[in-house]
Amino acid sequence: MKHFFVVFIFLLCMPLRCFSGDLFELCIIKKKGNHLPPPSSVAAVLKYLASSTSIDPSPSAVYLDKGEDISDYPFLCLTGRGALGRFTRKETALFAKHLACGGILFIDETDSYGLDDFYDSVEDFCADIFPDEKLEKIPDDDVIFRSFYLQPKVAGRNSVSPSLYGVRRDGRWVIVYSRNDIFGAWARDESGRFIYSCYPGGEAQRLEAVKLTVNIVMYSLTGTYKMDIIHKDFIERKLKSW
Amino acid sequence: MIADLTLVLLAVLVYLTLRSHGGFLRVVALGLVFFLIANPAFRKKSSAPAPVLAVCLDTSLSMDAANGGESRIAAALDAVRKNLPSLRKKFKLLFYSFDTSPRMLEESAFFKLKASGKASLISKSIAEITGFLPEDASLLVLSDGRDTSSAARYFSKPAYCAGFGRNCLNDMSVKILAYPEKAFQGAVAKVRVRLERSAGCAEARVRICRKGATCCEKKVLFSEGQTVKECDVEFIPAEAGQNVRYTVELSPSDGKPENNHGFFSLSVFKSKIKVMFISGRPGWEYRNLRALIKSDSRIDLTSFVILRNPSDYVPFPDNKLSLIPFPVREIFLKDITQYDLVILLNFDYTRFLRPDYLLPLAGHVKSGGSLMLIGGENLFNKGSYFKSPLSAILPFKAPLSGSFSDEEFFLEPSPSHPVTSRISAFRGLASTPLKGMSPAGVLASGAQSVLAASTGKVAAAVKNAGKGRVMVVLTNSMWRLFFGGDETSYFYQEFFKNSFAWLTRSPLLDEISLSGRKRYKIGEELSLRIKLRNIPRESISVRHIAPSGMSYLSPVMISPGFFNVKKLLRESGRHSVRIFLSGEHGVREEKEFAFDVEKTEIETADTSANHSHLREISRLSLGKYLGTNSFVSSDIPYPEDNAGFYRPAMKNYYLIFMALFFAWLWFKENTR
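Reading the values: rules and limits
- Residues numbered from 1 in each chain as written.
- Chains lettered and ligands numbered in written order.
- Predicted model: local features only at pLDDT ≥ 70, side-chain atom pairs only at ≥ 80, totals over all residues.
- Helix = DSSP H or I, 4+ residues; strand = E, 2+ residues; numbered from the N terminus.
- Rg over C-alpha atoms; globule rule 2.2 N^0.38 Å.
- Buried ≥ 20, exposed ≤ 12 C-beta atoms within 10 Å, placed from the backbone.
- Contact = placed C-beta atoms within 7 Å.
- Nonpolar A, V, L, I, M, F, W, Y, C, P; charged D, E, K, R; others polar.
- Pairing = 2+ DSSP bridges.
- Axes fitted to C-alpha atoms, helices over the stretch in contact; angles between N-to-C directions.
- Core = buried A, V, L, I, M, F, W, Y, C linked by C-beta atoms within 7 Å.
- pLDDT = per-residue confidence, 0-100.

## Description of the overall build of chain B
Counting secondary structure elements, chain B contains 12 helices and 37 strands. A compact globule built from 672 residues would reach a C-alpha radius of gyration of about 26 Å, whereas chain B, at 39 Å, exceeds it by more than 25%. Seen through its principal axes, chain B has C-alpha atoms that stretch 145 × 75 × 45 Å. Sorting the 672 residues of chain B into buried and exposed places 39% on the buried side. Long-range contacts, defined here as pairs at least 24 residues apart, represent 73% of the contacts in chain B between residues at least 6 apart.

Written out as structure tokens, the structure is:
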């Protein structure tokens, strides 16, 4: 029994330890009252990345309370609905430092209820972190839409907005914000079936959500790689072939 | 004014008092009154010794050259002999001879001097002589003006120079004093030149040319009386290469065109280095390193990341993917030699290419290219690179066993390697743990550790491989330093920037930069400028290795980080100067500067007189150029110090005297 307890404690601590080398680790920020993505969707994302790309993700995501040390996790994820809620000055300063150092924050709005409360709160949150930058639409021809899949539609479980939003700093997107519940599109039940249907585009919309997820992760790991001149001709040729 | 009026009043009173006396006494009294009112100052009788004049004769070999019927030295001695009586009347004479250094002589020995010195350091010798002389002394310099040293000097006493030998009246010359060993293509480089003119032309143009085409032109203006001017000419090397030769040309053309040009060669480094960066997978190390490289305008980056492995399944058609084929053959068999630096990050080549594809890369590195391998799970997977053609150039030996380690460690940079010497003392490294290290064996022979892990292992090592260089960093977790704080983030950037510079042999990382000429003649003075990248806390020592033996030279600090080394060269052959920077751990950096000394002696190679140099010495020392092939002693002024030769006027004493005199007269007249 004693040994079992020790192993249990060890397993509990495992996700909090950073992985060696430069494996991709998904770090989800927990906040009182916010809506976390379904665990099955996080697992599905990581599994897909491992099987379809050369990204080596850690097998599970890391969950950290807001205000905890995030310096080991360049890719942060914040989900929620209704409103993002207030962050203390210390917490926003921690985000600011982390994002300025090279981190990226992905914000996923899980449900909009047809209101802009969450959008407004994200806008305030971004202004708190980087007062000089603004939350803006990410252009359709941005490298984020070419980092792995070509021109995926901005889709998720919902289709609230046809655009991704973000905060650009020093030529890169440090905050990427989706209003369409991307994680919701990945969620499956125990039998492997999708939990939520995608509206209004159905399964085609889900596939676009899959592509967009991969692109966001790939963008965080490769930056402007697909803007290199060597890719330009190939990409243009492929786009013309559509 | 009041004193003067009082004096006049007293004089009138004296006159009135003596009015009743005889005419003679009145005239005497009146004369005395006027004398006192005139208030003259009296000249003292001087007892000071006669001022010293040092007669300095150049005895270098060039003074033996014919000067009409007789030699220059004979003409100079004749001129002294002729003026000796008049000089003796005014001055106390001291006699000196000089070639490389001054010597004091008796008068009899002076007139027996022969020209035999192998070099003439005129400015240096005169500067030394002025140090021996008393305050009011002056110098009479008899020389042909051929100075084998170009250093400007400070002369504390006036030098009156007489030039001997036939001087070309319309001559202007250029001499290259210093140029850098290395420069960057497209960046400004400086050449230091010395221009001399005899007379006439007040404007010159210095051109730096490459293969006949002018790279730059500089206008040099001489002020009135100025005959020598040293200046820096800036130019921008357009092409990269080793020993790129440039010529320095002076215009307008004059009566002696052979001294209107010179040449120098330097190594010009590419302004942009071409880097091929291949990453085995997307990751934070790739992202950060790529961002760092992209931010450097001097790097032209070509990058490939393996985004999908052959085993990965993508449920979308290929035209929906932005992926391009990895051009293995083009890169490794064809284009690899075009890159100055190849970076392979966590790249397991066995998945994509055969080992023989790495042969051109190994050959490229040995012939001057550079390679950086960065660790990860895939880098030395199953000992891959240790079984490849790259194994011989790697700084590590193959590990006996082991796999990618999950161990946590802290970095400890080497204080002695140029890559890390300036960033080795960062405290933040001890609080930012890294994780993950590729397996590797012990250091290969000739390899050097750059980064150590707190676990005792070597985290990064370098090795010279033929003409090229290789660095292996065993961890791909250095990106964590970016998030560790400002200090560690700076370390990350500096470490990789320095590594790229070291690998590509960029001068940016040179601890010691040298600037000097590569060819000299016997009798010329070596002048080497040393620039240190860091203002040294360590000691700097300089050795001169001549064909006959070694000697130590004393570097003279010009400004913090800049030193000058000079030495008169008396021996022909291959010479070198070795500069050592030593610290607590022994010699930290060493650099050699090799140069050739021709058998020709500078004194016999060109015996033409250079009176412009003597004019310049006269001008700088506030003396006078006395003329050519003779001089007149009256041109050398006798120093006069007016302040010491007159007794001051004594108006107040006269006033008191007059007052007492009047009081006595009045008393005498009225108490009778």
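## Things to note about unusual backbone geometry
Between Tyr199 of chain A and Pro200 of chain A the backbone carries a cis peptide bond, its omega angle lying at 5°. Phi at Asn243 of chain B is positive, roughly 45°, even though this residue is not glycine. Residue position: Asn243 of chain B is located in strand 15 (residues 241-251). In this model, Asn346 of chain B sits at a positive phi of 45°, which is unusual for a non-glycine residue. Within the fold, Asn346 of chain B resides in the loop between strand 19 (341-345) and helix 8 (359-366).

## Quick word on the environment of Leu32 of chain B
Residues and elements named next belong to chain B. Mapped onto the fold, Leu32 is located in helix 2 (residues 23-38). With 16 C-beta atoms counted inside 10 Å, the residue Leu32 sits in the partly exposed group. Leu32 sits 626 residues away from Met658 along the chain, and the two C-alpha atoms are 9.7 Å apart.

## With respect to the interface of chain A and chain B
Tallying the contact residues gives 35 residues for chain A and 39 residues for chain B. Going through the elements one at a time, helix 2 (39-52), helix 3 (89-101), helix 6 (202-222) and helix 7 (229-240) of chain A are the ones with two or more residues in the side of chain A that touches chain B. Element by element, the count of residues in the side of chain A that touches chain B is highest for helix 7 of chain A, at five residues. In terms of residue class, the side of chain A that touches chain B is built from 14 nonpolar, 14 polar and seven charged.

## Quick look at the sheet that holds strand 27 (residues 512-516) of chain B
All names here are of chain B. Read from one edge to the other, the open sheet built from four strands follows the order 27-29-33-32, with strand pairing classed as antiparallel. In this open sheet, the two strands that pair with only one neighbour each are strand 27 and strand 32 (556-559). Here the average twist between neighbouring strands, direction ignored, is 30°. With five bridges joining them, strand 27 and strand 29 (residues 525-532) adopt antiparallel strand pairing. The residue bridging Ile512 from the neighbouring strand is Leu532, located in strand 29.

## Quick look at the pairing of strand 33 (residues 562-568) of chain B
Residue and element names in this part refer to chain B. With seven bridges joining them, strand 29 and strand 33 adopt antiparallel strand pairing. Among the inter-strand pairings, Ile530 is bridged to a residue of strand 33, identified as Phe563. Bridging between strand 32 and strand 33 involves three bridges; their strand directions are antiparallel. Bridged to Met557 within strand 33 is Phe563. Counting the residues between successive antiparallel strands, the hairpin from strand 32 to strand 33 contains two residues, one of them, Gly561, with a positive phi of roughly 90°.

## Some remarks on the nonpolar core
Soluble globular proteins tend to pack their nonpolar side chains together in the buried interior. Ranked by internal contacts, the top residues of the largest apolar core, which has 142 residues, are Cys27, Leu105 and Ile175 of chain A together with Val472 of chain B. Here this core gets 10 residues from one element, more than from any other, and that element is helix 6 of chain A. With near-sequence residues (within four places) excluded, Leu105 of chain A lies in contact with Leu76, Leu78, Phe95, Leu99, Val174 and Ile175 of chain A. Met63, Tyr160, Tyr520 and Ile602 of chain B belong to the second largest nonpolar core, which has 56 residues in total.

## Quick word on the confidence of the model for chain A
Low-pLDDT portions of the prediction should not be read for the details of their coordinates. The share of residues in chain A with pLDDT of 70 or more is 92%, and the mean pLDDT across the chain is 88. Segment residues 1-17 of chain A is flagged for pLDDT under 50; beyond a separation of four residues in sequence, or across chains, it makes three contacts in the model.

## Brief notes about the confidence of the model for chain B
Residue-level pLDDT values for chain B average 86, and 93% of them are 70 or greater. Reported for the predicted complex are a pTM of 0.72 and an ipTM of 0.91.

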